[in-house]
Amino acid sequence: MKFTLAWLKDHLATDASLAEIVDKLTMIGLEVERVEDRAALLKPYVVASVISAEKHPNADRLRVCMVDTGAGAPVQVVCGAPNARAGMKGVFAPPGAYIPGKDTVLQVGTIRGVESRGMLVSEFELQLSDDHEGIIELPDDAPVGQSYAAYAGLDDPVIEINLTPNRPDCTGVNGIARDLGAALIGDYKPNSPKPVRGRYPCPVKVMIEAADLCPAFALRLVRGVKNGPSPRWMQRRLKAIGLRPINALVDITNYITYDRGRPLHVFDAAKVHGDLVVRRARNGETLLALDGRTYTLDDTVCVIADGKGVESLSGIMGGEATGCSASTTEVLIESALWNELNIAQTGRKLGINSDARYRFERGVDPNFTLPGLELATQMVIDLCGGEPSDIVVAGDPAPKREKVIDFPQSELARLTGLKLPLGDMRRVLEKLGFFVSGQGERVKVAVPSWRPDVHGKADLVEEIVRVIGVDRVPAVPFPRGEQARKPVLTAMQNRTRKAKRTLAARGMTEAVTWSFISKREAVLFGGGSPELALANPIAAELSDMRPSLLPGLIAAAQRNADRGFAHVALFEVGQVFRGDRPQDQLTAAAGLRRGLAKPDGAGRHWSRIAAPVDAFDAKADALAVLGELGAPIRALQVLPGAPSWFHPGRSGTIQLGPKTVIGHFGELHPRVLAELKADGPLAGFEILLEAVPEPRAKATRARPAPEFSPFQPIERDFAFVVDARTQAADIVRAAQNADRKLIAGVTVFDVYSGQGIEPGKKSIAIAVTIQPREKTLTEEEIGALGQRIVAEVAKRTGATLRG
Amino acid sequence: MVAADNLETLERDILQRIAAAQDEPALEAVRVAALGKNGAITALLKTLGGMTPAERRLHGPTINNLKDKVSAAIAARRETLAAAALDARLKNETVDVTLPVPDAPTETGRVHPITQVIDELIAIFADMGFGLAEGPDIETDDFNFTKLNFPEGHPARDMHDTFYFHPKPDGSRLLLRTHTSPVQVRTMLAQKPPIRVIIPGRTYRSDSDQTHTPMFHQVEGLVIDKGAHLGHMKWILEEFCKAFFEVGSVKMRFRPSFFPFTEPSLEVDIQCRREKNEIRFGEGEDWLEILGCGMVHPNVLRNCGLDPEEFQGFAWGMGIDRIAMLKYGMSDLRAFFEADVRWLSHYGFRPLDFPTLAGGLSS
C-alpha cells in the first residue's frame, strides 16, 4: 500500500515530521517498507534557461550551451541532446549532483576539449520515466532557479507500507490516518461523503443471479459528462504511487480505491447493452479485460454481463469493450460487494493482481457501499460535470448492525501483563472507531464495519496494545519453577545427537540433503510408492519422499568429486519415509565414503598403503554409531547380503535376533551407481535409530563391582585352513564355545589365501585369550584346552589346523 | 713363589690391556686371559692352596686384591664400551620428524551448522525449563492449517506455496508441513498444561532463491500455562537473543503484526550494525527482523481442546537457517543443502565443539 505524505494530511491534521510518522506507522503494525523522498533526492536540481546553444567546435552532435541557473553568472554546459536550443527551459544539475538514472555523481568534465560545468538532464536520468530521447523541456513560465522537485510537485514523499492481510481498512489512506490519529500523531479528520440527489431514474437495471457471490450492488448513471485528463494534483498523486493516469473518470475510481479502500468501476453507458446481470460465467466464455488480455472463464468466476455478454470480472477488472474513454459522455458508476473467497480464487486462477482484487479479497467495508458511490458521483460532477440519476440497488447495501464484544478490562493485563486505566483503553478504542459503553469491569465494545478482523476479546487487547505501544509492556522474568531437573531430550533425540557427533568424530562431514529425491532414485532404493509422491514438486528431481539417505549422499559425493574432491566421507542423520503416516517416518543415520576416504585418513599418505574404501570401513562406521547409541554390540549379528542397492557379495545386514533388522552396510551396487551416474569406489551404511532397542531402565546409577582375576591371561594362536566360503564369525564363535568360562576373547589376526593354500580354501588365524579364574593353568591343561578349541572349530566348520 | 714386583707388573699389564680393549670381544679376551679358567690371576689364586697358612696370610690378600681390582676395571670398561656402542647405534637411528602424520579424524570431521544451532537452541531453552517436541513432516491440512485458524481459501493453502500429495480416495490431501506449528497442535492435544517446549524441524514451501529453498528449518516455541503473558514472552525472547548471539545486551523492537494463529501478533527486530559481510548485534542503528510471535489465538486453544478462559500462552517461530546465517555469516541459504565439503569444512563445526552454557555456546 502506497500513499504520499500530502495525501495523508488530507485526512490527518498533524505537525509531525516524516520520520516521526514513519516510525509511528511501523510501531502500530503498519510496517513501513520504503520511503521515497524525492525532494531530498532531487535537491540539487533547479529550473534553468538556456541562453545560447552553439555547435561544439570538435563534434557535430554536441552543443555548447550557456545556461542561466538563477545563481550568478551563466554556466557553460556541453549537451548532446537533440532538443537543446537557445531560449528553452530545462532542468540543470550542478557538479556534485547524484544522477539516479546513471548511478553516478556528476563531475566537472572536459568533453572534446570544451569544459562542461554541469548537465541538462532527461527524465530517464532522474528516473522519472524511460524517456531518454532528449532533455526535459519546461514551460516558458517556469521560474529559473527554483527547485525542480518543488516546481514539478515531486516533493511529496511517498510512503509504502507492508500491509498485513487482516487490515482491509488500511488499504485506503483514510484508514491509515485513523490509526495514526488513535496513536496521537495527529487529529483524524472525519469526512463522510454527502448524498448527491438523483435527478431522474437510473435507466439501467441490475439483477443479481449469483447472490452467494454478490451480497450488494449499487449503480447510478451520470449523463452529460465531459471526460478528459484528470486535474494535475490527482495525476501527481496517482503517478507518485505508481499508477498511470488514464482519464478523469477512470482516475476517480483509482483515487477512491486508494483514498478510501473502496474499489469502484465505471462503464461507458453508451457501450452497455440493456440491463446488467451479476452471474457466474458460463464455461468457455471469454472477456477482453482492461489489461489488454483475454481471459477464458468458467462457472467459478463471477461476472457482470449485459445483453451482449460478459462485460466485467466482478471486483477484479473491467472489460475493454465498456471502458470509459475521452469520448465518454454517459457513465455508469458501480459500487458493489463481492465474496472475498471467490475474488481470491478467481484472481489466483486468472493470475490477475489488481488493486480491486487486493481490497475485495481482504474485505471491503460493507457499510461504505453507498457512501462510496456518493463520493464518486460528487467527484465526477466536480471534475467532469453531468447530471446524476437515482441510485439503483440489488442485494442489500444498507448498513449492517455492528458486532458487540463483551470486554472485561482485566483481559489486557491477563494477556499482556500491562495494566492501563479504562480511560486509556476507551480512548484508543474510540479513536479507532469502536463504540464503548459501560463503566464497570466489563464493558461492551461495538466493532466498526471496516474492521472485519476483530472478533473477540483478544483482538481488542491487540488493538489497545499496538496503539499504546508494545514497548510499554514490561518484560517479566519467567522462572523455570520448582520442578526437578529432568532430561529435556527424548531417547531418540539423544540418539540423533550422538550419532551425528560420533560420525563427525570419525572424520566424516555432515550433509543435510533434500527430504525429496527423484522418482528414479526413490525406486532404486526401495521407495517410490504413489502415496509418497508430491502432486506439485518444485522440480522433477525433487518429487518423491526419500526412502533412504543414501541416494542424497551418493549424489552429494559425486558433486564433490566433479569439483575435484574425490575422497570424501559424508554422513547424514535424518528422516526417511516408509509411508505417509506419522509412524512411517523414521530416523536413519547413514554414512558414505568415497575413493580413499578411509577411517584413518583420506587420500594417499606415506605411512600407509593407499587402498579404496570397502565394506569393512562402512561396517566399522555403522558399529561405531551403534556402540555409541548403547546397542548390545556383542549380541548383534552380521549376515551376508543386503538390499538390492548394495553389492551382492560385498555387503552385510546387521540384525538383532532373526527379526530386528537394524541396518545394512557395504559397497554400492555398480548397476545402481551407473543408473545414478555416480562413480565409485563407494562404501556406505544406513541404520535405523528406532530399530535399536532401548536399554532397560536401571534402578540405580551405581555399577556392579568388577571381578579382576589375579592370574595372568595367556594368549595362544591357531591357524586353520577352511573352505573359502566359511564365515570367520563361525570360527570365532566355535573357538569361543570351546570353553565359555576360560576363553575371554577371540580375535582374527590373519586371513590368507594364495601360495601354500589349496585353491578354494583360505587360512584364518585366530588369537585366543585364555583367562584363568581360579588357579594358574598347567601346560597340560592349556594343551588340552587348545585341543578342545581345534576340535570344536573342526566340528563346526570343517577346518583343519594349518600345517 | 710370586714376587711382589711381578704382581705389580702383571697388574699394570692387565689394566693396560683392559684400557686398550676397543670392543666387547677384545675386553672378553682380556678377561679370559686374566680371570678365565687358565687365566693369569686364576693361576695365582690356585697357588694359594699350596701355601702354608703364614704364606697365605701374606699373599692371599694381595692376590685377591688384584683380582677385585681387575674385575672392577673390566666392569667399568664394559660399561664405557656399552655406552659408546649405544651412542654409535643411536647415531644411525634417526627418523625425519618433519614427515606429516595423518590428520586426526576429529580434525577433519564436521557437523553441519544447522545441527550446531539446534544444539545451541537446546542448551539455551533447556536452561529455561523447555523440553523438545517433534512431529512428522507429512501433515494433514487440519493440523497444518485448520486447527491453526487459517481460514478456507487462505493464500498459504495454495498449490503455489504448499507441497501437496495426491488426493486420497476420500478427497483429503496430505501435505508437507509449511511450518513447525502443527507440532504445537499435536503437543496441546497430547499433553496437559503447563507446556514449555521448543520445536525444531524441517519445513517445506514451494519457493527457491538466494534466501528461500523448498526445504528449510524452523524452530518454534510454545508456552501454555495459566498466567503466561506477553511480558513473559518478551523476557524469554530477550534472554534467548542475548544468549544465542552471545552479547551482554541486545536492543529489541516488538512490532504489531499478523499471523492467523496468534492474537496479538508481533514481529521482533533486533538492533544491529551491518558491515560488509557481517552483522554485529548489541550495537548500531539498523533493525533486523528475526522472528514472529504472539499470544496463542483463542481459536487455536479451543481447537486443541483447551478453554481460552482458563489457559493462555504464547508462541514464537523463526528460521534456524536464518539465525545461523545471521550469527555465522553465511550469505546464501542454498549452500546449506549442497553438501559441498569446502563449505561444510568452512562453516561446519568440529565434532567435539558441543555447545553448552557452562563452556560457552561457540568456541
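Conventions adopted
- Residues numbered from 1 in each chain as written.
- Chains lettered and ligands numbered in written order.
- Predicted model: local features only at pLDDT ≥ 70, side-chain atom pairs only at ≥ 80, totals over all residues.
- Helix = DSSP H or I, 4+ residues; strand = E, 2+ residues; numbered from the N terminus.
- Domains from an automatic or database assignment.
- Core = buried A, V, L, I, M, F, W, Y, C linked by C-beta atoms within 7 Å.
- Buried ≥ 20, exposed ≤ 12 C-beta atoms within 10 Å, placed from the backbone.
- Contact = placed C-beta atoms within 7 Å.
- Pairing = 2+ DSSP bridges.
- Axes fitted to C-alpha atoms, helices over the stretch in contact; angles between N-to-C directions.
- Parallel < 35°, antiparallel > 145°, perpendicular 65-115°, else oblique.
- Left-handed = near helix turned anticlockwise from the far one by under 90°.
- Nonpolar A, V, L, I, M, F, W, Y, C, P; charged D, E, K, R; others polar.
- pLDDT = per-residue confidence, 0-100.

Whenever I open this one, the environment of B:K91 confuses me. Can you help?
Relative to the helices and strands, B:K91 is located in helix 4 (residues 53-92). Taking the C-alpha atoms as reference points, B:K91 and B:D207, 116 residues apart in sequence, are found 70 Å from one another.

Before we go on, may I ask you to explain the domain arrangement of chain A in this structure?
The figure often quoted for interface size is the accessible area lost as the parts come together. Taken as a whole, chain A is organised into domain 1 (2-37 + 157-188), domain 2 (40-152), domain 3 (206-395), domain 4 (403-471), domain 5 (491-691) and domain 6 (714-801). Inter-centroid distance (C-alpha atoms) of domain 2 of chain A to domain 4 of chain A is 57 Å.

Sorry if this is basic, but what is going on with the nonpolar core here?
One recurring pattern in soluble globular proteins is that nonpolar side chains are buried together. In this structure, A:F217, A:V331, A:V380, A:I464, A:L553, A:L570 and A:I687 are the most contacted members of the largest nonpolar core, which totals 243 residues. Leave out the neighbours within four places in its chain, and A:L570 touches A:M508, A:T509, A:A511, A:L553, A:A556, A:A557, A:L592 and B:A339.

What exactly am I supposed to notice about the pairing of strand 24 (residues 330-337) of chain A here?
Here is the key point about a regular strand: its side chains alternate between the two faces of the sheet. Residue and element names in this part refer to chain A. A large share of strand 24 lies buried, amounting to 8 of its 8 residues. Of the two faces of strand 24, the one holding E330, L332, E334 and A336 and the one holding V331, I333, S335 and L337 are both buried throughout. Across 8 bridges, the pairing between strand 16 (residues 216-223) and strand 24 is antiparallel. In the sheet register, L221 faces strand 24, and the bridge partner there is L332.

Please clarify how the packing of helix 19 (residues 728-738) of chain A against helix 20 (residues 779-797) of chain A should be interpreted in this entry.
Helices that pack against each other are described as a pair by the angle of their axes relative to one another and the distance between those axes. All names here are of chain A. Direction vectors running N to C along helix 19 and helix 20 enclose 140°, while the axes themselves pass 8 Å from each other. In terms of axis orientation, helix 19 runs oblique to helix 20. Every pair of crossing elements has a handedness; the one defined by helix 19 and helix 20 is right-handed. Along its contact with helix 19, which presents D730, I731, A734, A735, N737 and A738, the element helix 20 presents R788, I789, E792, V793, R796 and T797.

I'm lost on the interface of chain B and chain A in this one. Help?
Tallying the contact residues gives 67 residues for chain B and 76 residues for chain A. Among the elements of the structure, helix 5 (105-108), helix 6 (113-127), strand 1 (131-132), helix 9 (230-245), strand 6 (252-259), strand 7 (262-275) and helix 12 (341-347) of chain B are those that each provide at least two residues to the side of chain B that touches chain A. At 7 residues, the largest contribution of residues to the side of chain B that touches chain A is made by helix 9 of chain B. Here the side of chain B that touches chain A is built from residues that sort into 36 nonpolar, 19 polar and 12 charged.

It is not clear to me how the confidence of the model for chain B should be interpreted in this structure. Could you clarify?
Should the pLDDT be low somewhere, the predicted coordinates at that spot are not to be read in detail. Counting all residues, the mean pLDDT for chain B is 91, and 99% of those residues have values of 70 or more. Both scores are available for the predicted complex, with the pTM at 0.87 and the ipTM at 0.89.

Please explain the packing of helix 12 (residues 422-431) of chain A against helix 13 (residues 457-468) of chain A as it appears in this structure.
All names here are of chain A. At their nearest, the axes of helix 12 and helix 13 sit 10 Å apart, and the two run at 95° to each other. What the angle tells us is that helix 12 and helix 13 run roughly perpendicular. Contacts from D424, M425, V428 and L429 of helix 12 reach helix 13 at L460, E463, I464, V467 and I468.

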